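Breakdown of the fold
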Amino acid sequence: MRLGNMLLTSFAFAAFLFILAPILIVVAASFTPRGYLEFPPQNLSLRWYEEVLFSAVWLKAFAVSLALAFVTAVLTTFICFLAALVTTRQHVPAKGLFELLISMPLLLPNAALAIALFSFVLLLGMRGTFLGLTLAHIIIALPFVYRPIVNGLRQLDLSVEEAAMTLGADPATTFRKITLPLIRPALISAFLFSFIISFDEVSVTVFLIGLDFTTLPVKILSDIQNSASPAIAAVSTMLMFVTLGMVFVIDRLVGLRMFVDYRN
Amino acid sequence: MRFSSAFLLLLPCIGLLIGLVTGVSTLVQQAFTGPEGASFVNLSQFVSRPEVVSVFFFTHKIALIVTLISVLIAYPLAVFMARRPNLFYLVIILIPLLISIVVRTYGWVVLLGPRGLLNATLLNLGVIDSPLRLMFNTGGLVVGLVHVFIPFAVLSILAVYVKIDKSLSEAAMALGANHWKVFGKITLPLALPGVMTAATIVYLLSLGAIVTPLLMGGIQQTMLGTMIYNQMLVYYNYPEASASALLLTISAAIAVVPFQLVDRWATRKMPGHRV
């Protein structure tokens, strides 16, 4: 079966190349000195990075995206932590319905979710505002954040808390000194994930932005439709590096293996 | 007392969920709103207007093609990754998942576009005289969608595949079964729930896609997602967009039923499954 193994390996590497190709191409294209994309680039230049970093429009979109992702991540993690504390430790009526609703943003097709969230934000009169966008992003991130926190709390050994209480710690001290440190890895990964989800989100966001208020991915989307400037490649590369930085932090703090359980 | 204070902790989450439910019910209400009050006018065009009907069927056709291709690529890839547990391979699969869909689709535009790298290179080498149409057609659209959704498929299959007991295949081989027989009788049936999860996810994601068909499809390749985008942001027709979104959701719910049935059937046939 040597031949079969070789075939499988070459197939896998071809697939990996297919997966990475468009991403690597964007990075390569961002260093072109010309006004259009060329391959192979004659020489390298940071011209387009300069143009982006001195453009008020790109910088503003970048700032909006960062702020939005940060606020979304803080609030989503906090809200889901509170909810998970209750659902894992107390009898909650209609818990099944509650958890079904939390996973609804995952089950609805993207375009339908976009219209639903648009309707909600419009009803609040918050279309084109930071607050409206934040609410939509939190709802989108809910299922991705609630699950890991619930799993983290389930794995927590309750007898440690009981021991602390028996030794005279009041509930607040127990929570601060025992529960919180034990659940911290789950909270940190939940925070980083909701950050990435919000920072990258575009298909719902595009319905909610205002006239002079946009996020980085939405600005990239509209620029791709309107121009072929290599500046888009430079911005995309920068966006990518923010995300990859986050992935690096996740790997350092909790390990990427949490995605697949290799242990049998 | 304890119950009421616990309920307070749930309130922010419940508030947001009420918001989501309100949004969905507004969508349904809008879908049944005509120029003069309640009506079926928005939904009936999915029967009466041929171009809208064809968008509906085209979307499901593309979703089916993308699901088939994704699973066919993802299955061997998951087998490879299960046999060689290597963090590096896992990172290759995870990275695209975490990079914005706009950036990934832009990569294909740079690569396959009319003035993209592939066309430019071929023109420079004198292989072709005029740019090839590699994008803005069904092929380009399928390539873009498969690329976006393949990590989901690989992860779903891999999660199930790594849990299959290796001694089952070894026993079959020792008893004289060849690789194809082991695949057909042991590994594939056991991995089937993972394959069906992958198919469900990819089908649902393809149906609702907006960005990829917007950037890589042509006028002929309008999908429900792009149609909703246009109805909402180009024609400002909120009721029509809501009707499309409603039909998209209902047809998605119906379309994934076969995958779920196969999943249930495969699980029931598993050794050790108690009814």
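Here the structure is a predicted model, which means the values were calculated and not measured. (Residues numbered from 1 in each chain as written. Chains lettered and ligands numbered in written order. Predicted model: local features only at pLDDT ≥ 70, side-chain atom pairs only at ≥ 80, totals over all residues. Heavy atoms only, no water.)

Overview of a nonpolar patch on the surface
Residues and elements named next belong to chain A.
- A cluster of nonpolar side chains, Leu97, Leu100, Leu106, Leu107 and Phe144, forms an exposed patch at the surface whose accessible area comes to about 480 Å².
- Elements that contribute at least two residues to the nonpolar patch include exactly α4 (95-102) and α5 (104-107).
- Along the polypeptide, Leu107 turns up in helix α5. (Patch = residues over 30% accessible without salt bridge, like charges linked within 9 Å, V, L, I, M, F, W, Y side chains within 5 Å. Areas by Shrake-Rupley, 256 points an atom, 1.4 Å probe, with all protein chains shown as cover. Salt bridge = Lys/Arg side-chain N within 4 Å of Asp/Glu carboxyl O. Helix = DSSP H or I, 4+ residues; strand = E, 2+ residues; numbered from the N terminus.)

Comments concerning the interface of chain B and chain A
- Chain B puts 83 residues into the contact, and the matching count from chain A is 84 residues.
- For the pairing of chain B and chain A, the buried interface totals around 7,600 Å² over both sides, and the portion due to carbon and sulfur atoms is 82%.
- Of all residues in chain B, B:Leu16, B:Leu98 and B:Tyr106 give up the largest surface area on contact with chain A, accounting jointly for 10% of the area buried on that side.
- Of the residues forming the side of chain B that touches chain A, the biggest block, 18 residues, is contributed by helix α1 (residues 2-31) of chain B.
- Partitioning the side of chain B that touches chain A into residue classes produces 62 nonpolar, 14 polar and seven charged. (Contact = heavy atoms within 4.5 Å. Buried area = accessible area lost by both parts, 1.4 Å probe. Nonpolar A, V, L, I, M, F, W, Y, C, P; charged D, E, K, R; others polar.)

Regarding unusual backbone geometry
- Notably, A:Ala94 is not glycine yet its phi reads approximately 60°, a positive angle.
- Along the chain, A:Ala94 falls in the loop between α3 (56-89) and α4.
- Positive phi values are uncommon outside glycine, yet B:Tyr236 reaches one of about 50°.
- With respect to the helices, strands and loops of the structure, B:Tyr236 is situated in the loop between α11 (224-233) and α12 (238-255).
- Residue classification places B:Tyr236 among the exposed residues on the basis of a relative accessible area of 64%. (Buried < 20%, exposed > 50% of the residue type's maximum accessible area, 1.4 Å probe, protein only.)

Things to note about the packing of aromatic side chains
- Applying the stated criterion to the full structure yields 22 aromatic pairs over all chains.
- Ring centres of A:Phe62 and A:Phe199 lie 6.3 Å apart, and the angle between their planes is 75°; on these two criteria the pair is classed as edge-to-face. Pair noted here: A:Phe62 is in helix α3 and A:Phe199 is in helix α9 (residues 171-200), with a separation of 137 residues, a long-range link.
- Residues A:Phe98 and A:Tyr146 carry aromatic rings whose centres are separated by 6.1 Å and whose planes lie at 80° to one another, so their mutual orientation is edge-to-face. Taken together, the positions of A:Phe98 in helix α4 and A:Tyr146 in helix α7 (residues 130-155) put the pair 48 residues apart, joining distant regions of the chain.
- Aromatic ring contacts, followed pair by pair, group A:Phe13, A:Phe16, B:Phe80, B:Phe88 and B:Tyr89 into a single cluster.
- A:Lys219 extends its terminal NZ or CZ atom over the ring of A:Trp58, reaching a point 4.5 Å from the ring centre. (Phe/Tyr/Trp six-rings, centres within 6.5 Å; stacked < 30°, edge-to-face > 60°. Lys NZ or Arg CZ within 6 Å of the ring centre and 35° of its normal.)

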